[in-house]
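Observations on chain architecture
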Amino acid sequence: MERMDRGRWRVEVPLLAAWRTGGEEGGKGTTRLFYGALGAISLWMMAMPVVPGVTEAVMRRFHLTSRHYLAWLPQQVVPAMYSFANRYRLTPSERPGAAGDPMAGAFWVNHYPPRLFTFSRRTGLRAESYELCCQSDYRGRRLFTKMRVERQGDGGFRMELEEERYSAGPR
Amino acid sequence: MKPLTGKRLIAWRIALAGWLVGWFINTSENVGLFVSAWERPILEHPLFPGVMCDGRVALLLFALPLAGFAGFSGGTVFRLRVVSGILALVSLGLLGHLCTYNDATYTTTFWSALWMGWWAGRIEGSGAGAERHAIALGQGLVGLCFLGGFVGKLTPEYWSGEVFHGIYVLQKPYFPFSWMRDNWPEAASKTASAWMGRGMIVTEGVLSTLVFWPTRAALGATLGVFVVMTLLAQVQILSVLAPLAGVMVACGFLGETLEPEDILRDAAEG
């Protein structure tokens, strides 16, 4: 008992303890699958700084421009809170922005710039149509998208992609 | 069938409690959004199938976890598995819905529900092996959530404080950011933003390694960071944090029920 009480204060690393004394539980398929899923997603995340293709996929996830819903949805379970330097500029179509930098005067946003039309509906969207420019930057890689957002007859909006540019490397 | 009892069930229910707090804490905001999308989509987007723009679908997915309260009474492994399955599926559903896709709540509820579903299948067993894997997986998935934030911020705009200043100091309407905006010179608030941004990156990087931490230390550090995050943000951030806190507290609880590893090893070796 004394030894056990003393032992309680010894330091155990959970992963190593599970490996060494986890018994047959570690050999079960669902347990392996769970570890495998955590490991695979960790690798995917850690690849982002070094593999431009991974960055591009996650940026397209944020801008809702993945090639297909079924390519976008599995990425949604990958934690990515406050990833990238994201900005947006929303301009009513009847008051087009100045020529030149489409992101001049843009606002910062934590993630998913197009969410302005769903989650953050406090912006008072009264115009009939808007131009929404979104830009995400990450270690010299950039995704820029321009969307046309038109009010529909029933009061909702419809968003269409007008322009998309991905670039990697020095600008 | 004999109802389940014991510490393993208590741990599962701790995780369930955290899950439900996280899910329902934003009820008024979410229900308002879903009702506004009741008769027509608030937005049509070519990426989303029509059904995933429908406010009625979102409201149904949001309400289904009320069934989760069944996990607090009596219960069989089957019931706990069904509850966990529902919680995982509705999380995935709202992650894929146009009204809610951007909300990190549903990422953390998804992973928490997966852990609960996996653990539900171990509640009737004995031996410390399952507990040790439960702790490793629980700490691993909480670390995974920090890893996502950490890697995504490894960019000069975050390190310089530019993003933190733009998102928090310039835009947040609550203390301390509104006070900084109104009372501090811009240069001072930018310097503070740089250090806050760096602090955030370093904290997330350190906590992304939780799977390698002793459980008590992991629990203390995680809950401490969650308290600071809640103070700096608003109470709504608990929707993201509570499901993770539930898993971490469940892991801490399981850790306290275990005999030390070396005792077990010595016993096994005779």
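By convention here, each chain's residues receive numbers from 1 onward along its written sequence. Chain letters start at A and ligand numbers start at 1, both assigned in the order the entries are written. Note on the predicted model: pLDDT of at least 70 is required for a residue's local features to be given, and 80 or more for side-chain atom pairs to be given and counted; whole-chain, interface and lining totals, by contrast, use all residues. Side-chain numbers come from the whole structure's heavy atoms, not from hydrogens or water.

1. Some details on the packing of aromatic side chains
All names here are of chain B. To keep things clear, this is the line we draw: Under the pairing criterion, centres of Phe, Tyr and Trp rings, with the six-membered ring standing for Trp, must be within 6.5 Å; the plane angle then separates stacked pairs below 30 degrees from edge-to-face pairs above 60, leaving the rest tilted. Counting from the N terminus, the helices are the DSSP runs of H or I reaching at least four residues and the strands are the DSSP runs of E reaching at least two. When a residue's accessible area, from a 1.4 Å probe over protein chains only, is under 20% of the maximum for its type it is buried; when over 50% it is exposed; and in between it is partly exposed.
Enumeration according to the criterion identifies 32 aromatic pairs over all chains in this entry. Relative to F69, the ring of F24 has its centre 6.3 Å away and its plane inclined at 25°; by these criteria the two rings are stacked. Placement of the pair is F24 in helix 1 (residues 7-24) and F69 in the loop between helix 3 (55-63) and helix 4 (77-95), with a sequence separation of 45 residues. A centroid spacing of 6.1 Å and a plane angle of 45° characterise the contact between F175 and W179, whose relative ring orientation is tilted. Exposure remark for W179: the relative accessible area of 40% places this residue in the partly exposed category.

2. Describing the sheet that holds strand 1 (residues 43-44) of chain B
Definition in use: Pairs of strands are assigned from DSSP output, requiring at least two bridges between the strands. The contact criterion used throughout is that any non-hydrogen atoms of two residues lie within 4.5 Å. Note on method: axes are straight lines fitted to C-alpha atoms, helices fitted across the in-contact stretch only, with angles between N-to-C directions ranging 0 to 180 degrees.
The 6 strands lie next to each other as 2(A)-1(A)-3(A)-4(A)-5(A)-1(B), forming an open sheet whose pairing is mixed. Either end of the sheet is taken by a strand with one partner, and the two such strands are strand 2 (107-109) of chain A together with strand 1 of chain B. Taken together, the 3 bridges between strand 1 (residues 85-92) of chain A and strand 2 of chain A define a ladder with antiparallel strand orientation. Paired with A:R87 across the bridge in strand 2 of chain A is A:W108. Each of strand 1, strand 3 (129-138), strand 4 (141-151) and strand 5 (157-167) of chain A touches helix 4 (residues 52-63) of chain A; the most contacted strand, strand 4 of chain A, lies at about 20° to it. Most of the contacts of helix 8 (residues 162-169) of chain B go to strand 2 of chain A, to which it runs at about 95°, and overall it touches strand 1 and strand 2 of chain A.

3. Observations concerning the side chain of A:S83
Residue placement: A:S83 occurs in the loop between helix 5 (69-72) and strand 1. On the accessibility criterion, A:S83 (1% relative accessible area) is buried. Ignoring anything within four residues of it in the chain, the contact list for A:S83 reads A:F62, A:N110, B:G148 and B:G152.

4. So, the domain arrangement of chain A
Residues and elements named next belong to chain A. To be explicit about the condition: Note that domain bounds follow an automatic or database assignment of domains. Throughout, the accessible surface (probe 1.4 Å) given up by two parts as they are put together, summed over both, is called the buried area. Polar contact criterion, stated in full: a pair of N or O atoms within 3.5 Å, where within protein one must be able to donate a hydrogen and the other to accept it, and residues adjacent in sequence count only if both atoms are side-chain atoms. Think of it as three bins: nonpolar holds Ala, Val, Leu, Ile, Met, Phe, Trp, Tyr, Cys and Pro, charged holds Asp, Glu, Lys and Arg, and polar takes everything else, Gly as well.
Taken domain by domain, chain A consists of domain 1 (8-47) and domain 2 (52-167). The gap between the C-alpha centroids of domain 1 and domain 2 is 37 Å. Each partner contributes residues to the interface: domain 1 has 4 residues there, and domain 2 has 6 residues. Roughly 470 Å² is buried in total at the junction of domain 1 and domain 2, and carbon and sulfur atoms are behind 83% of that figure. Interface area lost by domain 1 to domain 2 is led by I41, W44 and M45, which between them contribute 85%. At the junction of domain 1 and domain 2, the tally comes to 0 residue pairs in polar contact (both at pLDDT 80 or more). Considered class by class, the residues forming the side of domain 1 that touches domain 2 number 4 nonpolar, no polar and no charged.

5. Remarks on helix 4 of chain B
To be explicit about the condition: By this rule the span expected of a helix is its residue count minus one, scaled by 1.5 Å.
The end-to-end C-alpha distance of helix 4 of chain B is 27 Å, a good match for the 27 Å that 19 residues give at a rise of 1.5 Å each. Taken together, the buried positions of helix 4 of chain B are occupied by B:V77, B:L80, B:V83, B:S84, B:L87, B:A88, B:V90, B:S91, B:G93, B:L94 and B:L95. If you follow the buried residues of helix 4 of chain B, they end up packed against helix 5 of chain A together with helix 1, helix 3 and helix 5 (105-120) of chain B.

6. Regarding the side chain of A:Q76
Looking at where A:Q76 falls in the secondary structure, it is placed in the loop between helix 5 and strand 1. Judged by relative accessible area, which is 0%, A:Q76 ranks as buried. A polar atom in the side chain of A:Q76 sits 2.8 Å from the backbone oxygen of B:L95. Excluding its chain neighbours within four sequence positions, the residues that come into contact with A:Q76 are A:R61, A:Y112, B:L95, B:Y101 and B:T107.

7. A look at helix 2 (residues 14-21) of chain A
The following threshold applies: Our arc is simply the arc of the directions from the helix axis toward the C-beta atoms.
Of all the residues in helix 2 of chain A, the buried ones are A:P14, A:A17, A:A18 and A:T21. One side of helix 2 of chain A holds all its buried residues, which, seen down the axis, span an arc of 100°.

8. Quick notes on the interface of chain A and chain B
Spelled out, the test is: A carboxyl oxygen of Asp or Glu within 4 Å of a side-chain nitrogen of Lys or Arg is what we treat as a salt bridge.
Listed per partner, the contact involves 73 residues of chain A and 74 residues of chain B. Approximately 6600 Å² of surface area, both sides summed, lies buried where chain A meets chain B, with 63% of it carried by carbon and sulfur atoms. On the chain A side of the interface with chain B, the three residues burying the most area are A:F34, A:Y82 and A:W108, jointly 12% of the side's total. Summed over the shared surface of chain A and chain B, the number is 3 salt bridges. Inspection of the chain A/chain B interface yields 24 residue pairs in polar contact (both at pLDDT 80 or more). When contributions to the side of chain A that touches chain B are tallied by element, the ones reaching two or more residues are helix 1 (2-8), helix 2, helix 3 (29-47), helix 5, strand 2, strand 3 and strand 5 of chain A. A per-element tally of the side of chain A that touches chain B places helix 3 of chain A first, with 10 residues. When grouped by side-chain class, the residues that make up the side of chain A that touches chain B number 41 nonpolar, 17 polar and 15 charged. Note: strand 5 of chain A against strand 1 of chain B, 2 bridges, orientation parallel. Across the sheet, A:F157 pairs through a bridge with B:L43, a residue of strand 1 of chain B.

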